[in-house]
Amino acid sequence: MFRGEFHYSWKVLSMFYYMCLRRRARTATRGEMNSRRAIESNTRALPINVEIVQYAKEVLDFSSHYGSENSMSYTMWNLAGIPNVYPSSGDFTQTAVFRTYGTWWDHCPSARLPFKRTPSTFCSQDYVELAFEEPVYPTAVHILETYHPGAVVRILACSANPYSQNPPAEVRWEILWSEAPTKVNGPQARQFTPCIKQINFPTNLIRLEVNSSLLDYYTELDAVVLHGVKERPVLSLKTSMIDMNDIDEEEDEEKFACGMDTLNKQFSIVTLREWPTNGYFDKLPYELIQLILSHLTVPDLCRLAQTCKLLYQHCCDPLQYIHLSLQPYWARINDTSLEYLQSRCTLIQWLNLSWTGNRGAISVSGFSRFLKVCGSELVRLELSCGHFLNETCLEVITEMCPNLQELNLSSCDKIPPQAFNHIAKVGSLKRLILYRTKVEIEDYDLIASMMGAKCKKLRSLDLWRCKNITENGIAELASGCQLLEELDLGWCPTLQSSTGCFTNLARKLPNLQKLFLTANRSVCDTDIEELAANCTHLRQLDILGTRMVSPASLRKLLESCKDLSLLDVSFCSQIDNRVVLELNASFPNVFIKKSFTQ
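Residues numbered from 1 in each chain as written. Predicted model: local features only at pLDDT ≥ 70, side-chain atom pairs only at ≥ 80, totals over all residues. Heavy atoms only, no water.

With respect to helix α14 (residues 577-586)
- Of all the residues in α14, the buried ones are V579, V580 and L583. In an axial view of α14, the angular spread of the buried residues amounts to 100°, which keeps them on one side of the axis. Residues of α14 that are exposed and point over 90 degrees away from its buried face: N577, L581 and A585.
- Between a side-chain oxygen at the N-terminus of α14 and the backbone nitrogen of R578 the separation is 3.2 Å; the capping residue is D576. (Buried < 20%, exposed > 50% of the residue type's maximum accessible area, 1.4 Å probe, protein only. Helix = DSSP H or I, 4+ residues; strand = E, 2+ residues; numbered from the N terminus. Arc of directions from axis to C-beta. Polar contact = N/O pair within 3.5 Å; in protein donor to acceptor, adjacent residues only side chain to side chain.)

As structure tokens, this is what we get:
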């Protein structure tokens, strides 16, 4: 063996030995060994603890659900307690159902452009947080899925006890399990029990995050079971089998944690090591370096900023923060993060703070200080599930963001009803989402009439579960907003086909691409035939729950609307499985949805 080869082999062996020692030290001190892959032989937990098995006591928070706020049908609250349905399969109202599924909502006129620089490891679309009676060191989590399983992509545990009288100074979230979305064959019920990692604190707060993009229909969850022990397990290590892939994965987890910590620490570093030159970077145009850096995630920018002064300057350039999404890092964003980002976000136009700031992480004063510095150029502001928001925050938004065109306040349930009056001051607003807020609208017909008179260019309107709009409001809307492409009237109980409201819609809105008439049992063949005759650009139609639509009228619709891609006929009493099979055979490019109950 040549001396160079020997030296190289020695370096490789030394590096491997170092990684083994580092791995052993880390697992011995932190106790965060993943039971799936790390140490598999001659390993047992000592001492033996009595395992506690408990169902969720309470649903604390969630991002969306299919049901309404004053009902139990299809709501997240069904996840509390013992199973209602499992092991049965099918579409049951006693389960928890999120608002969307598949990619249909991404293909609607109202779909927004995604934020760039979102890390590939973050794919969560919705979440639900569950509280349990006893804090335990988790040993297993069982998720009882009763219809179209496979949506859960992350399970997290929180160090804060929601029932404690003394909230902790620091709230930690640890990922117990994470995986990319996967397609599950078949809609049947299952008990999903992923292999979770051990954590070094007890928890009674579990968070599930889901991604429904690969599902053929709505996923339904029935219950969550937490297994755990009161005393922290101690691992006895006799022999170890070290997987090199495991080392890589743990390094990625540490890099993520380190990268987000730098939002609060490293961005404030001013003293950097002096070098006589910056190598080839000195020869690159400023714009080219900026372009290269624009492909980095926020944690990567934080790490790169520590390397030299030149790259520090580039990483702090406000042009790198024109579009900024902090949603993937919701567990680590706080007032300090916003403070350090202020000087870099003076030109920001798109900002996503969805899911951030809860449990005291972001204060009203911290949010206000940030917008006072960075709000002047904001065009799009996403604040979904921001439970720290109150009337003061809305007032600051309307004062500091004069150019705001898009505002998402969905599931911001701490904002009092009177606070929404401030939104009227934003004259340039084009998109407003108030889903699951406390906004109070007594007369939806009046609102529809004003829209018909003032919003002639309106393209998308979501009136899902609007309780008191009538045929009069729909008539005013259809007459004035004839450019509408998307209209959701799902679960609007006061609309009746006998008044001619749906026929009028079809005749006045020829540009409709998406129409949801979900759970309106009065929709009839006449309405479907009017849609077939007048709305030939229709792409998505939901008539779930109607008893009055026949196979013949659906065939006319499918023949006329060549662009139709989604048709939901679930619980339509005249449309049985045989009819669905026949229509599927004749129109293979249309996804015809029909749920079932076992």
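Additional details are given in the paragraphs that follow.
Overview of the packing of aromatic side chains
- Inspection of every chain in the model, using the stated rule, returns 18 aromatic pairs.
- A centroid spacing of 6.3 Å and a plane angle of 75° characterise the contact between Y147 and Y217, whose relative ring orientation is edge-to-face. Taken together, the residues Y147 in strand β5 (residues 126-147) and Y217 in the loop between β9 (203-210) and β10 (220-229) connect sequence positions 70 residues apart.
- For Y147, a relative accessible area of 2% puts it in the buried group. (Phe/Tyr/Trp six-rings, centres within 6.5 Å; stacked < 30°, edge-to-face > 60°.)

Section: the confidence of the model for the protein chain
- Averaged over every residue, the pLDDT of the protein chain is 87; the share at 70 or more is 84%.
- Across residues 24-46, where pLDDT falls below 50, the model places 62 contacts with residues more than four positions away in sequence or in other chains.
- In the model, residues 236-256 has pLDDT below 50 throughout and makes 46 contacts with residues more than four positions away in sequence or in other chains. (pLDDT = per-residue confidence, 0-100. Contact = heavy atoms within 4.5 Å.)

Concerning the sheet that holds strand β21 (residues 566-568)
- If you walk across this open sheet you meet the six strands as β17-β18-β19-β20-β21-β22, and the pairing is parallel. The sheet terminates laterally at β17 (460-462) and β22 (591-593), the two strands that pair on one side only. Within this sheet the neighbouring strands show an average axis-to-axis angle of 5°, counted without direction.
- Sheet topology places β21 next to β22; three bridges connect them, and they run parallel. What sits directly across from D568, in β22, is K593. (Pairing = 2+ DSSP bridges. Axes fitted to C-alpha atoms, helices over the stretch in contact; angles between N-to-C directions.)

What about the sheet that holds strand β14 (residues 380-382)?
- In space, the five strands of this open sheet follow the order β12-β13-β14-β15-β16, with parallel pairing throughout. Lying at the two open borders of the sheet, with one neighbouring strand each, are β12 (323-325) and β16 (431-433). Ignoring strand direction, the axes of neighbouring strands in this sheet form an average angle of 5°.
- Across three bridges, the pairing between strand β13 (residues 350-352) and β14 is parallel. The partner of N352 across the bridge, within β14, is E382.

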